[in-house]
Amino acid sequence: MNPAAQRLRNPIGAHVPVAGRGLVGTGLAYNEKIGGEAVQVFVANPRGWATPTGDRAQDEAFRAACAEASIPAYVHAPYLINFGSDSPATRERSTASLRHSLVRGHAIGALGVVVHTGSAVGTGRRAQAMAQVRADVRPLLAELDDLGEDAPWLLLEPTAGQGQSLCSRLEQLAEYAEALDHHPRLGVCLDTCHAFAAGHDLAAPGGMAAALDVLEAAIGPGRLRLIHANDSKDIAGARKDRHANIGDGHIGADAFGELLAHPATAGVPLILETPDRSAAPGFGHAADVAMLKALRSRAVGAG
């Protein structure tokens, strides 16, 4: 498979900074520096509730630049969002925050908006928390229908299993999808570190393929739309979300080669959220991008 076909099968990039010169001047410049073929950004403070309007000209410039360079773009919604919370205020803010990310994602041409699946705050509240997910998120999915055919997908990202997680094990995606009526724009973002932390031993022989099979069985084919490619500083099942650079953690490089060869990942971009290992900004991400490209070449063939 030639390099252009390899890129089409699995574009590889990273979550990029946008502070300073914005989506294009900072974000896409950083992506080019590290050799990225895909990009993920925040459109709001990831640790706050603010919903900034953004700059229309900058949004359109980003959208046009990504289209011209065939760079698939994604938005990561803020971390505070949790529809399983027992706080009405948190649920209300979560709705406003996710709606903002979806609308801004559409404005910049993002293919998907990633949101963490959240947790049931308090004990014995799982059923109630899942009912809240349905009540709060289903209307947002209906709003996607109004945005048209180029609306972004809502991508559920299972968590590492901390606390009363609503979805950390990949088989739990089935319950989530059922709660949201298997909406046609409902997809999954697989974070490899999260899955490993939740107990899927991706480092074991065949472990990555087994996890991908579980994911597809739980939510159906074609719904894996993005992969957060992160190694793990901790062992399988540790329930700790600590990312390591590719090949430097307990998952190991071979597992990522297995991921890139699996049929379920065909056409799915990989986004790095790994540490930047150098005082020179981008050096660590450039090394991880290069490693994933080498693993991609071996996995899908260089011919």
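Let me sum up the structure you'll find in this document. (Residues numbered from 1 in each chain as written. Predicted model: local features only at pLDDT ≥ 70, side-chain atom pairs only at ≥ 80, totals over all residues. Heavy atoms only, no water.)

### Remarks on the environment of Gln128
Looking at the element boundaries, Gln128 is found in helix α5 (residues 126-147). Note: C-alpha distance between Gln128 and Ser85 (43 residues apart in sequence) is 9.7 Å. (Helix = DSSP H or I, 4+ residues; strand = E, 2+ residues; numbered from the N terminus.)

### Structural notes on helix α3 (residues 56-69)
At 3.6 residues per turn, the α-helix brings residues three or four places apart onto the same side. Given a rise of 1.5 Å per residue, 14 residues ought to cover 20 Å, and the 20 Å separating the end C-alpha atoms of α3 matches this to within 8%. Listing the buried residues of α3 in full gives Asp59, Phe62 and Cys66. Across the axial projection of α3, the buried residues extend over an arc of 65 degrees, all falling on one side. Looking at α3, the residues exposed on the side facing more than 90 degrees away from the buried face are Arg56, Ala57, Ala67 and Glu68. (Expected span 1.5 Å × (residues − 1). Buried < 20%, exposed > 50% of the residue type's maximum accessible area, 1.4 Å probe, protein only. Arc of directions from axis to C-beta.)

### Digging into helix α10 (residues 283-300)
With 18 residues, α10 extends 26 Å from end C-alpha to end C-alpha; this agrees with the ideal 26 Å at 1.5 Å per step. Taken residue by residue, α10 has Gly284, His285, Asp288, Val289, Leu292, Leu295, Arg296 and Val300 as its buried positions. The arc that holds every buried residue of α10, seen down its axis, measures 135 degrees, which confines them to one face. Opposite the packed face of α10, turned more than 90 degrees from it, sit the exposed residues Phe283 and Arg298. Structurally, α10 contributes buried residues whose contacts are with α1 (3-9), β1 (12-15), α2 (22-33), β7 (224-229), α9 (253-261) and β10 (270-272). (Contact = heavy atoms within 4.5 Å.)

### What to know about the nonpolar core
With 70 residues, the main nonpolar core has Val39, Leu98, Leu154, Leu173 and Leu292 as its most contacted residues. When residues of this core are assigned to their parent elements, the largest contribution, seven residues, is made by α5. Discounting chain neighbours no more than four positions away, the residues touching Leu173 are Leu156, Pro158, Cys167, Val188, Leu215, Ala218 and Ile219. Residues Ala38, Tyr74, Val114 and Leu226 belong to the second largest nonpolar core, which totals eight residues. (Core = buried A, V, L, I, M, F, W, Y, C linked by side-chain atoms within 4.5 Å.)

### Some details on the sheet that holds strand β4 (residues 112-116)
Around the barrel, which closes on itself, the eight strands sit in the order β1-β2-β3-β4-β5-β6-β7-β10 with parallel pairing between neighbours. Between one strand axis and the next, the sheet turns through 30 degrees on average, direction left out of account. (Pairing = 2+ DSSP bridges. Axes fitted to C-alpha atoms, helices over the stretch in contact; angles between N-to-C directions.)

### Looking at the packing of aromatic side chains
Counted according to the given criterion, the structure contains one aromatic pair. Measuring from centroid to centroid gives 5.7 Å for Phe42 and Tyr79, while their planes differ by 85 degrees, and the two rings are edge-to-face. In this pair, Phe42 sits in the loop between β2 (39-41) and α3 while Tyr79 sits in the loop between β3 (73-76) and α4 (88-107), placing the two residues 37 residues apart along the sequence. Overall, the relative accessible area of 35% leaves Tyr79 in the partly exposed class. (Phe/Tyr/Trp six-rings, centres within 6.5 Å; stacked < 30°, edge-to-face > 60°.)

### Focus on the environment of His183
Within the element layout of this structure, His183 appears in the loop between α6 (173-179) and β6 (186-191). The class of His183 is buried, set by a relative accessible area of 2%. Taking the C-alpha atoms as reference, His183 lies 31 Å from His243; in sequence the two are 60 residues apart. Among all residues touching His183, those that are not within four sequence positions of it are Arg138, Leu141, Ala142, Asp145 and Arg223. At 3.0 Å, the side chain of His183 forms a polar contact with the backbone nitrogen of Arg185. (Polar contact = N/O pair within 3.5 Å; in protein donor to acceptor, adjacent residues only side chain to side chain.)

### With respect to the pairing of β3
Here β3 shows two buried faces, one formed by Ala73 and Val75 and the other by Tyr74 and His76. Sheet topology places β2 next to β3; three bridges connect them, and they run parallel. When the bridges of β3 are listed, Val41 appears paired with Val75. Considered for its hand, the β-α-β crossover made up of β3, α4 and β4 is right-handed. (Right-handed = clockwise from strand over helix to strand, strands pointing away.)

### Here's the deal with the pattern of salt bridges
Following the criterion strictly, the structure yields twelve salt bridges and no others. Residue Asp181 pairs with Arg134 through a salt bridge whose shortest N-O separation is 2.9 Å. Residue Asp181 is located in the loop between α6 and β6, and its partner Arg134 is located in helix α5; the two are separated by 47 residues in the primary sequence. By relative accessible area, Asp181 is classed as partly exposed at 38%. The salt bridge involving Glu171 is made with Arg169; its shortest N-O contact spans 3.1 Å. When salt bridges with common partners are traced through the structure, they connect Glu37, Lys293 and Arg296 into a single cluster. (Salt bridge = Lys/Arg side-chain N within 4 Å of Asp/Glu carboxyl O.)

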